[in-house]
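Architecture and fold: a report
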Amino acid sequence: MTAPARVVQIFILLALASPAVLVAMLVVGSIPRRPLSERAVARMTSGAVITTIASLAIALATYLVTGVEPQTWTARKWFATTSGALQIDLLADGWGLGFAFVAAVICGTVSVFSYRYLHRERGFVRYFILYACFVLGVQLMALAGSSEVLFAGWELLGLSSSLLIAFFHERRSPVTNAMRVFAIYRVSDAAMLVAAVLIHHLFGSGSLTVLFREGMLTTEIRSTPQLAAISFFFLLAAAGKSGLVPFTGWLPRAMEGPTPSSAVYYGALSVHAGCYLLWRAGPLIRTSLFAEILVIGAGVMTTLVAALAARVQTNVKAALSYATLTQVGVIVIEIALGFRTLAFVHLIGNACVRLVQFLTAPNVLLDLHGLEGAGAARGPQRPRLYALALQEAGLDVLLDALVVRPFLALVRLGTRLDVFLSGERPRVGPVGRETMP
Amino acid sequence: VIPILIWLGAVFGLPLGCVILAKTRINAERLRIVAIAIAAVLTVVTLIPLFWPTLHAFHIDPPSVVPGRGALLRLDELSLVLPALAAGLWLFTLIATPTLVLGADGLRFTAQSTLFTLAAFLTERPLILALVWAGSVAALRGAFVTTRSRMQHAAGMYLGVSTVLFAAGAILYILPTPRGSALELTSLTLLVAGAMIRKGIFPAHAWIPAMFEHGRLGPSVLFSSPQVGTYAVAVLVVPRAPAELLRVIAILSLFTGVYAAAQAVVQRSARRACAYLFISQSALVMAGLDTASHETVTGALVLWLASSVSFAGLGRCLVVLEARHGELDLARHHGTQEKKPLLAAAFLVLGLSYSGFPGTLGFVGEELLLGGAVGAFPWLGFLVVASSALTGIAVLRMYFSLFTGRPIATPTSLKPSEAIGFVLITAVLVTTGLVPAPLVSSRQRAGAHLIEQREATRGSAVE
């Protein structure tokens, strides 16, 4: 291995280790009864984020200046199995490093904003523990070279996102909404896990190199039906995480969290995680017409639904999130059509613009005294279209009718059966709506 | 031989001493301190074989004592970590259970239960296993003397039937029958039926939620978490059972995994939800063992340890919360996070390990199990994914209900001993999840040995 490649590797590892150490320090620091001071948390977070940004800047600069070849390398062999090994593979190429660097800068910006925004907030330390998990998750996802690393990053994003939506947990509605979002994230995670298993069975390892890099798929592999299945499950995973159709309905629910987390999750990075996954899997998607059609269909539908919904929102954060989603749909279409560079630039640009818009949203409200609800005050021009837009094209209602209610009815039947089999008298009434996730 | 005898003496003598001590009129607080010290020493003693090759593998096999195949007492790759699991769970129970709910009787039950579990994990003889099985059931019934009769009726009936079936199977098992004969199949079916009831495999699962709901939670958790039924299946059934029987059990277990996880999502009682989570994971372990491939057996053995530790922690979280807040209804938000952030964090990590979250031991087990299960059952194998997804939803719903909401007025933080217990158990799950290689390779060797045994036995049956 050449010296520049070694430098890139070392700094990538440092960029990943830094948020991991931050998580460990904040968690361990929270164990004693006396909580960490805000200043200590801010210093630790700043130190970790600056280390990540600097490391990625050096890695990216070294990569670009010295012309290191894109490569996947095993950072650590996790454990061996009879059918291969689960290992921590990292993919070092310009795109991945670029995305990781932009993500780190965005995280740094939001962390500085968060210190002030959450000053004297009761869950200050909790927020930064979750935030550190998010930074780690994004970096793992950006630099993943194996399905295990990708899955770990994916799960960290989902969990931290849900827990931050429920940040103001004294009220019931953030918690209920966080539960709903988490349920959809679990569908997304399950799809990712299925894709990972299929990758293991097809290639004998979890390495994503063949799928994520151009020109690596041989003709023999291209003809296997599993490739289309992997594409489908990647799309399902991306749809859950990025709010593509039919999962669009969770986005306004996610706005219950603190504004900085909304900015970084639903304006900048988390909502684009699905796009990044599809962008990475671009070479795979283009091997199957079925997958291409599905991705284009999801993109078009998402753009239409989000553009429609954005026009009827009565609060700034929800309107911004739908505006973001409109662009996410367009990016997905670009990916499916093969405009990878355009899609990548679009993704980065949209993330940065939305971040600024989200962070300035509270100020806009203050300045204009009444922006919220302004759209509603105008009244609907076309009532039916307005109602459709207000219900996000009825996608949530459809999901409830087709999936949630039949599932709950079936499970309730099982509960009755269990009560009968155990010979006990039910101590509580039947499961009501309030217990639904 | 002498180090082995000393080690065995310590392993059985320490909990036995605690049982005897609990029957004396010793002060309850002092008894608790002594019991914690004994459990700590026992945990250290059970860890010795991991580092001392003399104790790494031994067989004590006097043929005349108890009839039957296999060693009377032994330690091999499969059982190497199991005594440490039983002792560690006992120590954790003593440390983390509030004094209010763990009196002298409770302490005696924990020691008895640990003694039976240790005896089970160190023997291969079917009759000894059946005796230990019956003993642990009797001890549990003893712990439930003061609780409602309805629960005793349901759980007692199921456990009684499971004991009878297992004992009948064990008696038939030791008869000199030709391999592959109808009698052997009958004995294996009886053993499996007993184990399935004890582990709560559908449709014999309904007694577990009833026991958790109406019985005493602490003893129920300690009785269930080591999964003695899994051990019995691994030692007696997997090496000899025909492929068709194992296949049927594996499919039933996979279905149970999803069914129970789905039930956990909608329960209103935290106890019932916890019981269903146990059934789900326990069923996945059973499915892995009965799929009988290298990868699934390894996955099942890892998941067994992960789910035992996670479940003990989750159950104990409920015990701690119930001792302070009474009955836990999941339709309400209890707002305990502000006063008990450490317990909230521990609950989350333990629950996430249950759902196979990366960075915990549960992920390692589930990943191995999933890979193998999909290989064995190309479609049904994905039920593991469904179970994991539903478990995650159930755990987060429980977390939100138990810990979020308006902060409660009563200042009831965790006691230092409870806090230490939860920190330790969480650290064990995370450390073994981040550095799983030593544990996985040990379980791989144990799995390979089981498969070898099976191939040898089945090979001779064909001949």
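Residues numbered from 1 in each chain as written. Chains lettered and ligands numbered in written order. Predicted model: local features only at pLDDT ≥ 70, side-chain atom pairs only at ≥ 80, totals over all residues. Heavy atoms only, no water.

1. Some words on the overall build of chain B
The following threshold applies: Starting at the N terminus, helices and strands are each numbered in turn, a helix being any DSSP run of H or I of at least four residues and a strand any DSSP run of E of at least two. Only C-alpha atoms enter the radius of gyration; for comparison, a globular chain is expected to reach 2.2 Å times N to the power 0.38, where N is the number of residues. Only protein chains enter the accessibility calculation, which uses a 1.4 Å probe; a residue whose area is less than 20% of its type maximum is buried, one above 50% is exposed, and one in between is partly exposed. Whether two residues are in contact is decided by their heavy atoms: any pair within 4.5 Å suffices.
Tallying secondary structure elements over chain B gives 18 helices and two strands in all. Rg of the C-alpha trace for chain B: 21 Å, near the compact-globule value of 23 Å for 463 residues, within the 12% margin. Taking the principal axes of its C-alpha atoms as reference, chain B extends roughly 70 × 55 × 45 Å. Per-residue burial over chain B gives 65% buried out of 463 residues. Considering only residue pairs separated by 6 or more positions, chain B has 82% of its internal contacts joining residues 24 or more positions apart.

2. Things to note about the overall build of chain A
A tally of helices and strands in chain A yields 19 helices and two strands. Expected size for 437 residues packed as a compact globule is a radius of gyration near 22 Å; at 22 Å, chain A falls within 12% of this value. For the C-alpha atoms alone, the extent of chain A along its principal axes is close to 65 × 55 × 55 Å. Classification of the 437 residues of chain A by burial places 56% in the buried group. Long-range contacts, defined as pairs at least 24 residues apart, comprise 75% of the intrachain contacts of chain A with a sequence gap of at least 6.

3. Remarks on the packing of aromatic side chains
The description of an aromatic ring pair uses the distance of the two centres, along with the angle that the planes make with each other. Applied cut-off: Pairing of aromatic rings covers Phe, Tyr and the six-membered ring of Trp, with a centre-to-centre limit of 6.5 Å; geometry is then stacked below 30 degrees between planes, edge-to-face above 60, and tilted otherwise. Put simply, a charge is over a ring when the Lys NZ or the Arg CZ is close to the ring centre, within 6 Å, and near the line of the ring normal, within 35 degrees.
Overall, the coordinates contain 34 aromatic pairs over all chains when judged by the stated rule. Each residue in the set Y115(A), F124(A), Y127(A), F128(A), Y131(A), F134(A), F167(A), F168(A), Y185(A), W250(A), Y265(A) and Y266(A) is aromatic and connected to the rest through ring pairs, giving one cluster. The ring centre of W279(A) lies 4.1 Å from the NZ or CZ of R340(A), which sits over that ring. Of note, R240(B) hangs over the ring of Y173(B), and the distance from its end group to the ring centre comes to 5.2 Å.

4. What to know about the interface of chain B and chain A
For the record, the criterion: Throughout, the accessible surface (probe 1.4 Å) given up by two parts as they are put together, summed over both, is called the buried area. Salt bridge, as used here, is a side-chain nitrogen of Lys or Arg placed within 4 Å of a carboxyl oxygen of Asp or Glu. Any N or O atom pair separated by 3.5 Å or less is treated as a polar contact, with the protein-specific requirement of one donor-capable and one acceptor-capable atom, and with residues adjacent in sequence counted only for side-chain atom pairs.
Taken together, the contact between chain B and chain A spans 71 residues of the former and 55 residues of the latter. A buried area of about 5400 Å², summed over both sides, lies between chain B and chain A, and 65% of it is on carbon and sulfur atoms. At the junction of chain B with chain A, the criterion picks out one salt bridge. Run the count over chain B and chain A and you get 14 residue pairs in polar contact (both at pLDDT 80 or more). Counting residues per element, the side of chain B that touches chain A draws most heavily on helix α16 (residues 383-403) of chain B, which supplies 11 residues.

5. Brief notes about unusual backbone geometry
Across the junction of V245(A) and P246(A), the peptide omega takes the value 15 degrees, indicating a cis bond. Its location among the elements puts P246(A) in the loop between α9 (225-242) and α10 (250-253). F202(B) connects to P203(B) through a cis peptide bond whose omega is 5 degrees. Note that P203(B) resides in the loop between α7 (182-199) and α8 (207-214). The backbone of R120(A) shows a phi angle near 65 degrees, a positive value even though the residue is not glycine. By secondary structure assignment, the location of R120(A) is in the loop between α3 (94-117) and α4 (124-143).

6. Structural notes on the pattern of salt bridges
Residue and element names in this part refer to chain A. On inspection of all chains with the given rule, the structure shows 19 salt bridges over all chains. Across the pair D189 and R186 runs a salt bridge whose closest N-O atoms are separated by 3.8 Å. In this pair, D189 and R186 both sit in helix α6 (residues 172-203), three residues apart, roughly one turn of the helix. Each member of the pair, D189 together with R186, is buried. Among the charged side chains, a network of salt bridges with common partners joins E155, R186, D189 and K241.

7. Some words on the environment of T110(B)
Residues and elements named next belong to chain B. With respect to the helices and strands, T110 occurs in helix α4 (residues 104-121). Expressed as a C-alpha distance, the spacing of T110 and P15, which sit 95 residues apart in the sequence, is 8.8 Å. Beyond its immediate sequence surroundings of up to four residues, T110 is in contact with W90, T93, L94, L102 and L222.

8. Brief notes about the confidence of the model for chain B
Where we set the bar: One confidence number per residue, pLDDT, is output by the predictor and ranges from 0 to 100.
The share of residues in chain B with pLDDT of 70 or more is 95%, and the mean pLDDT across the chain is 89. When pLDDT is averaged over each helix and strand of chain B, the minimum, 82, is found for strand β1 (residues 58-60) of chain B and the maximum, 95, for α16(B).

9. Some thoughts on the packing of α4(A) against helix α12 (residues 270-280) of chain A
Residue and element names in this part refer to chain A. Stated formally: Here an axis means a line fitted to C-alpha atoms, over the contact stretch when the element is a helix, while the angle between two N-to-C directions is reported on a 0 to 180 degree scale. Under this scheme an angle from 65 to 115 degrees is roughly perpendicular, one under 35 degrees roughly parallel, and one over 145 degrees roughly antiparallel; angles in between are oblique. Left-handed describes a crossing whose near helix is turned anticlockwise from the far helix through less than a right angle; right-handed describes the clockwise counterpart. Following the grouping adopted for this structure description, the nonpolar residues are Ala, Val, Leu, Ile, Met, Phe, Trp, Tyr, Cys and Pro, the charged ones are Asp, Glu, Lys and Arg, and the polar ones are all others, Gly among them.
Packing of α4 against α12 brings their axes to within 11 Å, and their N-to-C directions diverge by 15 degrees. Judged by the inter-axis angle, α4 sits roughly parallel to α12. Like other packed secondary-structure pairs, α4 and α12 cross with a definite hand, here left-handed. Together, F134, M141 and A142 of α4 and S270, A273, Y276 and R280 of α12 make up the contact between the two elements. For the contact of α4 with α12, the per-class residue count stands at five nonpolar, one polar and one charged.

10. Notes on the environment of L75(B)
With respect to the secondary-structure elements, L75(B) resides in strand β2 (residues 73-75). With residues up to four places along the chain from it excluded, the contact list for L75(B) reads W7(B), P49(B), L55(B), H56(B), A57(B), F58(B), L80(B), P83(B) and L122(B).

11. Section: the packing of helix α5 (residues 126-143) of chain B against helix α9 (residues 217-224) of chain B
Residues and elements named next belong to chain B. Two numbers describe how α5 lies on α9: the axes approach to 10 Å, and their chain directions differ by 170 degrees. With respect to α9, the axis of α5 lies roughly antiparallel. Contacts between α5 and α9 pair S136, V137, L140 and A143 from the former with P219, S220 and F223 from the latter. Of the residues belonging to the contact of α5 with α9, the class tally is five nonpolar, two polar and no charged.

12. Digging into the nonpolar core
The following threshold applies: Put simply, a nonpolar core is a bunch of buried Ala, Val, Leu, Ile, Met, Phe, Trp, Tyr and Cys residues held in one set by side-chain atoms that sit within 4.5 Å of each other.
Within the largest apolar cluster, 316 residues are counted, with the highest numbers of intra-cluster contacts made by I12(A), F234(A), L269(A) and F422(B). Apart from residues no more than four positions distant in its own chain, I12(A) is found in contact with A59(A), W73(A), L90(A), A92(A), L97(A) and L143(A).

13. A closer look at helix α5 (residues 147-165) of chain A
Basically, it comes down to this: Each helix should span, by expectation, one fewer than its residue count multiplied by 1.5 Å.
Between its first and last C-alpha atoms α5(A) spans 27 Å; for 19 residues at 1.5 Å apiece the expected length is 27 Å, and the two agree. Most of α5(A) is tucked away: 19 of the 19 residues are buried.

14. Points about the confidence of the model for chain A
On average, residues of chain A score 87 in pLDDT, and 92% of them reach the 70 mark or higher. For the stretch residues 428-437 of chain A, pLDDT sits under 50, and the model shows 18 contacts to residues farther than four places along the chain or on other chains.

15. What about the side chain of S231(A)?
Residue and element names in this part refer to chain A. With respect to the helices, strands and loops of the structure, S231 is situated in helix α9. Looking at S231, the relative accessible area reads 3%, which means it is buried. With near-sequence residues (within four places) excluded, S231 lies in contact with L284, I285 and A291.

16. Let's talk about the environment of F403(B)
Relative to the assigned elements, F403(B) resides in helix α16. Residue classification places F403(B) among the buried residues on the basis of a relative accessible area of 0%. Sequence-wise, F403(B) and L165(B) are 238 residues apart; in three dimensions their C-alpha atoms are separated by 42 Å. Excluding its chain neighbours within four sequence positions, the residues that come into contact with F403(B) are H169(A), L321(B), G335(B), T336(B), Q337(B), L343(B), A344(B) and F347(B).

17. Looking at a nonpolar patch on the surface
Short version of the rule: Residues enter patches when they are more than 30% accessible in relative terms and free of salt bridges; like-charged ones are connected within 9 Å and nonpolar ones (Val, Leu, Ile, Met, Phe, Trp, Tyr) within 5 Å. What sets the accessible areas is the Shrake-Rupley method with a 1.4 Å probe; for residues, cover comes only from the shown protein chains.
On the surface, a cluster of nonpolar side chains totalling about 310 Å² of accessible area is made up of L337(A), F339(A) and L342(A). On the accessibility criterion, F339(A) (47% relative accessible area) is partly exposed.

18. Quick notes on the side chain of K317(A)
All names here are of chain A. Here is the rule: Residues scored as charged are limited to Lys and Arg (positive) and Asp and Glu (negative), so that His and the chain ends carry no count.
As for its placement among the helices and strands, K317 is situated in helix α15 (residues 316-337). The side chain of K317 sits in the buried core without any salt bridge; E256 is the nearest counter-charge, 7.8 Å away. Setting aside residues no more than four positions away along its own chain, K317 makes contact with M255, G257, P258, T259, S262 and F358.

19. Here we look at the layout of surface pockets
Put simply, the rule is: Grid spacing is 1 Å over the protein atoms alone, the probe is 1.4 Å, and a cavity is where that probe fits but cannot get out, while a pocket is an open set with protein on both sides within 12 Å along at least five of seven lines and lining residues have an atom within 4 Å of a point. Grid points are joined across faces, edges and corners, and a volume is the space filled by probe spheres set on the points.
Quantified by volume, the second largest pocket comes out at close to 1000 Å³. Looking at the second largest pocket, it is lined by 38 residues, and the ones nearest its centre are A183(A), V187(A), V403(A), F407(A) and L390(B). Elements that contribute at least two residues to the lining of the second largest pocket include exactly α6, α9, α14 (289-310) and α19 (395-422) of chain A together with α11 (243-266) and α16 of chain B. Across the lining of the second largest pocket, the residue classes break down as 35 nonpolar, one polar and two charged.

20. Some details on helix α17 (residues 416-434) of chain B
To be explicit about the condition: Directions from the helix axis toward the C-beta atoms define the arc.
Between its first and last C-alpha, α17(B) extends 26 Å over 19 residues, near the 27 Å set by a 1.5 Å rise per residue. Regarding α17(B), the residues found buried are E418(B), A419(B), G421(B), F422(B), I425(B), T426(B), L429(B) and G433(B). Along the axis of α17(B), the buried residues cluster in a sector spanning 165 degrees; they form a single face. Along its buried surface, α17(B) packs onto β1 (71-81) of chain A together with α3 (82-96), α13 (294-325), α14 (341-354) and α15 (361-376) of chain B.

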